[in-house]
Amino acid sequence: MVRTPLTPEERERGERLGQLLREARTFAGRTMPDVAAAAGLSAETLRKIETGRAPTPAFFTVAALAGTLGLSLDELLVRSELLPAH
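This is a predicted model, so every value here is computed, not measured.

Definitions and limits used
- Residues numbered from 1 in each chain as written.
- Predicted model: local features only at pLDDT ≥ 70, side-chain atom pairs only at ≥ 80, totals over all residues.
- Heavy atoms only, no water.
- Phe/Tyr/Trp six-rings, centres within 6.5 Å; stacked < 30°, edge-to-face > 60°.
- Buried < 20%, exposed > 50% of the residue type's maximum accessible area, 1.4 Å probe, protein only.
- Axes fitted to C-alpha atoms, helices over the stretch in contact; angles between N-to-C directions.
- Helix = DSSP H or I, 4+ residues; strand = E, 2+ residues; numbered from the N terminus.
- Parallel < 35°, antiparallel > 145°, perpendicular 65-115°, else oblique.
- Left-handed = near helix turned anticlockwise from the far one by under 90°.
- Contact = heavy atoms within 4.5 Å.
- Nonpolar A, V, L, I, M, F, W, Y, C, P; charged D, E, K, R; others polar.
- Arc of directions from axis to C-beta.
- Polar contact = N/O pair within 3.5 Å; in protein donor to acceptor, adjacent residues only side chain to side chain.
- 1 Å grid on protein atoms, 1.4 Å probe; cavity = no way out; pocket = protein on both sides within 12 Å on 5 of 7 lines; lining within 4 Å.
- Points joined across faces, edges and corners; volume = space filled by probe spheres on them.

J.: I'd like to hear about the packing of aromatic side chains, residue by residue, with values.
T.: One pass over the structure, following the stated rule, counts 1 aromatic pair. Residues Phe 59 and Phe 60 carry aromatic rings whose centres are separated by 5.2 Å and whose planes lie at 80° to one another, so their mutual orientation is edge-to-face. No difference in accessibility class separates Phe 59 from Phe 60, as the two residues are exposed.

J.: Residue-level account of the packing of helix α1 (residues 8-27) against helix α4 (residues 59-69), with values.
T.: Axes are the key here: two packed helices are described by the angle between their axes and the distance separating the axes. Interhelical geometry of α1 versus α4 gives an angle of 25° and a closest axis separation of 10 Å. Relative to α4, the element α1 lies roughly parallel. The crossing of α1 and α4 is left-handed. Along the contact surface, α1 presents Leu 17, Leu 21, Ala 24 and Arg 25, while α4 presents Val 62, Leu 65 and Leu 69. Here the residues of the contact of α1 with α4 sort into 6 nonpolar, no polar and 1 charged.

J.: Could you give an account of helix α2 (residues 32-39), with specific residues and numbers?
T.: Residues Met 32, Val 35, Ala 36 and Ala 39 constitute the buried set of α2. Here the buried residues of α2 occupy an arc of 100° about the axis, which is enough to place them on one side. Away from the buried face of α2 by more than 90 degrees, exposed residues Pro 33 and Ala 37 are located. Residues of α2 that are buried sit in contact with α1, α3 (43-51) and α4. If you check the start of α2, you find a side-chain oxygen 3.1 Å away from the backbone N of Asp 34, and it comes from Thr 31. Following α2 by one or two positions, Gly 40 has its phi on the positive side, about 80°.

J.: I'd like to hear about the layout of surface pockets, residue by residue, with values.
T.: Estimates place the volume of the largest pocket at around 310 Å³. Broken down by secondary-structure element, the contributors of at least two residues to the lining of the largest pocket are α1, α4 and α5 (73-80). By residue class, the composition of the lining of the largest pocket is 8 nonpolar, 3 polar and 3 charged.

J.: I'd like a rundown of the packing of α2 against α4, residues and numbers included.
T.: As a packed pair, α2 and α4 sit with axes 9 Å apart at the nearest point and diverge in direction by 120°. Taken as a pair, α2 and α4 cross one another with a handedness that is right-handed. Listed contacts from α4 to Val 35, Ala 38 and Ala 39 of α2 are Ala 64, Leu 65, Thr 68 and Leu 69.

Structure follows, in structure tokens:
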């Protein structure tokens, strides 16, 4: 199956999501392996999400990370959206 390339906006949104998750993890004082294990992921997968190398993680992956970090999915959605150009 051939995957359609991501648009620059999709890549940027993925980078923003990763940044939000990384900030929440470090604010909580938790390590990457700790959060990954609690969410049922590998530390490598979490690293890819946090660095934007996996800009479109599956919904259930994001939901597991949000639950582990005490974030709401609504907040993640709003904060990871692109701001309109002025």
